[in-house]
Every structure is written in structure tokens, then in C-alpha cells.
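Geometric and topological summary
This is what each chain is made of:
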Amino acid sequence: MKHPAVLVLAAVVLLPLAVRPAIATEIWIFAIFGLGLNLLLGYTGLLSFGQATFFGSSAYVAGYLLKHYGIGLFLALGVGIGIGALSALLVGYLCVQRSGLYFIMLTFALNQLFYFVAYQWTSVTGGEDGMPGIPRPPLLGVDLRSPLAYYIAVSALFLIALWAMKRIVESPLGKILQAIRENELRAEAVGYNVPRFKLLAFVIGGAFSGLAGVLYAMLFGIVPLEAISFVFSGNVVFATLIGGSGSLYGPIIGSFVFIWLSESMSVMWARWPLLLGVAFVIVVLFLRGGVVEAWNRFWSWRSSKRAA
């Protein structure tokens, strides 16, 4: 993919002109969420169906403090990142003790545990009705209640998150995580503490998920129970795989595809998830690298055709 950073910046500028600011904002929030999962799935080789645990926990805690204590925006974001990292530390510590199918099922089971706690703790979370009435504090005196103003703030945070993740995956840590993905036994043989690095990937991914959870809560003014559900975890997995796991920009493309389908096609066709299922089957069978791989294949074919 040529000049991806330029394309991302262009998308940030042009997206609110193509869709409603609320949908555009949701795309960037979901992209931040996908960046956190991609560090686990694409770079470390860990398929987690529990990312909504960190997303939803951060949304509930920060939303509760925003609603009842009127904390500021930066504190809310810090709380969200901290809760996301802490919950990921707890979940990750248990999950990295196992591998393969047992690892996947542990992430799913713990997600279900958090979901039912939120469902039953109605005095705090609101249960199946969710937690409504979450305000948007101003940012350095700027009122963020305007959809466009909030879009600008979220897109700026997305760009910062993308830059941070780029630094992480290109750092020695990122190379170690990729080594674990390619051959865990060999990485352990050369002296790396594999469970510790897996846990670190969990914590970093949880921090990104927590940031996304707080932004999501302030976007709609409510934390729905679905934000901590297994289905929400599955959605970000699908989006990341369709966009291209293992590529820094894959989750961003997947977020565009998933949110656009869910927001636009659902109005025209109630069975729109069939399209998502077809796209997922195509990716699994023919394009393991998702849209990013398809794009790279196209440019390779075009270059070879010109050379011929």
C-alpha cells in the first residue's frame, strides 16, 4: 500500500463530508479498538474473543465517574486507559497460562463472566438498559457537544493512537511479538520469556481498547450492555480479519467496512450480516491478509503488467 499515512490523513479530513459525523466518529473509535486487538491477533498470533471485556469495563467505570462525579475529559481518558490495561492484566495473566483452543475459550469464558456481572449489577451498570446520561466534558474550554467538534477530537486521538501503535510494532518489542507469532518454541529457546511478552501485549491491547471504550460511551451518551458482550468482541475480530490482521492499517480498513455495512446497509436490508459473512468466507479461503492483501496483489499485478 503506497503512502498509507497520506491516505489515512485524507480519510480523516474527507470522511465527515461523506457520512454523518457520528458515524465517522464511530469508525475511528472502532479503529482504535481494532488496533488493540491487532497487536494480539496480527502481531502476536493470539486470537482473543474477550476484547469487549476491556472495552466495556473502561466504558462503565469512566462513564460512571463522568455521570456522577463530573470528572474532566483527560482524567476520564486516563481512567479508561488504566482500567483497560488493568482488566487486560487480570484476564491476560489467566489466559497466557494456556495456548491454542484453551486460550481462546478462556478469553471467551472470562468475557462472559464480565458480561453477566454487568448484567446483574443493575444499580451501577443499569443492566440490560445500559448506563445512560454520560456527558461530554469540554476539551481545553472547547465544547464537544457538537458532533463535528467531537469528531475532530476523536480523530486527533485516533491519529495519536495510530502513531503510538506504529512505534510499538516497529520497536524491538514488536519484533519479539512477531517472533513469538512465527515460532513460539524458537523464541523461548533464544531466551525470551514468552508468557511475559504475551501478557505485555495483552496489557497494551487492553489500554487501546479502554481508550476506545471511553470515547464510545461519550459518543452516544450511554454504555449499552452490548459493549461488553461476546458479540462485540466478535465484531472487532471480524473487522480486523477483513481489513487484514498483521498489517498496521488493516483494522482501519476493517472498521470502515464493518461500520459502513452496519450503519448504511442495515437501513436498506435487514439481512445485511449475510454480506459480512460472505466477505469473511472470502477472506478466510482466498485472502488471508484481508483487504490489505487484495490491494497489494492488485498493485503487484499492475506493476508486472506495466513491466511486460
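Below is a short write-up of the structure. Everything numeric here is computed off the predicted structure, so don't read it as measured data.

Calculation notes
Residues numbered from 1 in each chain as written. Predicted model: local features only at pLDDT ≥ 70, side-chain atom pairs only at ≥ 80, totals over all residues. Heavy atoms only, no water. 1 Å grid on protein atoms, 1.4 Å probe; cavity = no way out; pocket = protein on both sides within 12 Å on 5 of 7 lines; lining within 4 Å. Points joined across faces, edges and corners; volume = space filled by probe spheres on them. Helix = DSSP H or I, 4+ residues; strand = E, 2+ residues; numbered from the N terminus. Nonpolar A, V, L, I, M, F, W, Y, C, P; charged D, E, K, R; others polar. Polar contact = N/O pair within 3.5 Å; in protein donor to acceptor, adjacent residues only side chain to side chain. Contact = heavy atoms within 4.5 Å. Axes fitted to C-alpha atoms, helices over the stretch in contact; angles between N-to-C directions. Left-handed = near helix turned anticlockwise from the far one by under 90°. Expected span 1.5 Å × (residues − 1). Buried < 20%, exposed > 50% of the residue type's maximum accessible area, 1.4 Å probe, protein only. Arc of directions from axis to C-beta.

Okay, the layout of surface pockets next. In this structure, the largest pocket spans a volume of roughly 310 Å³. Those elements that place two or more of their residues in the lining of the largest pocket are α11 (230–243) and α13 (273–286). Split by residue class, the lining of the largest pocket holds nine nonpolar, four polar and two charged.

Its place among the elements puts Ser48 in the loop between α2 (21–41) and α3 (51–69). A polar side-chain atom of Ser48 sits 3.2 Å from the main-chain amide nitrogen of Gly50. The residues contacting Ser48, other than those within four sequence positions of it, are Leu37, Leu40, Thr107, Phe202 and Val237.

Our next topic: the packing of α3 against helix α4 (residues 73–95). One way to put it is that α3 packs onto α4 with a least axis distance of 8 Å and a crossing angle of 145 degrees. Once α3 is placed against α4, the crossing between them reads as right-handed. Of the residues in α4, those touching α3 at Thr53, Phe54, Ser57, Ser58, Val61, Ala62, Leu65 and Leu66 are Ala76, Val79, Gly80, Ile83, Gly84, Ser87, Ala88 and Val91. When its residues are assigned to classes, the contact of α3 with α4 shows 10 nonpolar, six polar and no charged.

This part covers helix α5 (residues 100–120). Counted at 1.5 Å a residue, the expected span for α5 with its 21 residues is 30 Å, and the 31 Å between its end C-alpha atoms agrees. Taken together, the buried positions of α5 are Phe103, Thr107, Leu110, Asn111 and Ala118. Projected down its long axis, α5 carries its buried residues within an arc of 100 degrees, all on one side. Across from the buried face of α5, at angles greater than 90 degrees, the exposed residues are Leu101, Tyr102 and Gln120.

Take the environment of Ala52 next. Position of Ala52 relative to the elements: it lies in helix α3. Along the sequence, Ala52 and Ile242 sit 190 residues apart, while their C-alpha atoms lie 18 Å from each other. Once residues lying within four places of it in the same chain are set aside, the contact partners of Ala52 are Phe33, Ser57, Asn111, Ala227, Ile228, Ser229, Phe232 and Ser233.

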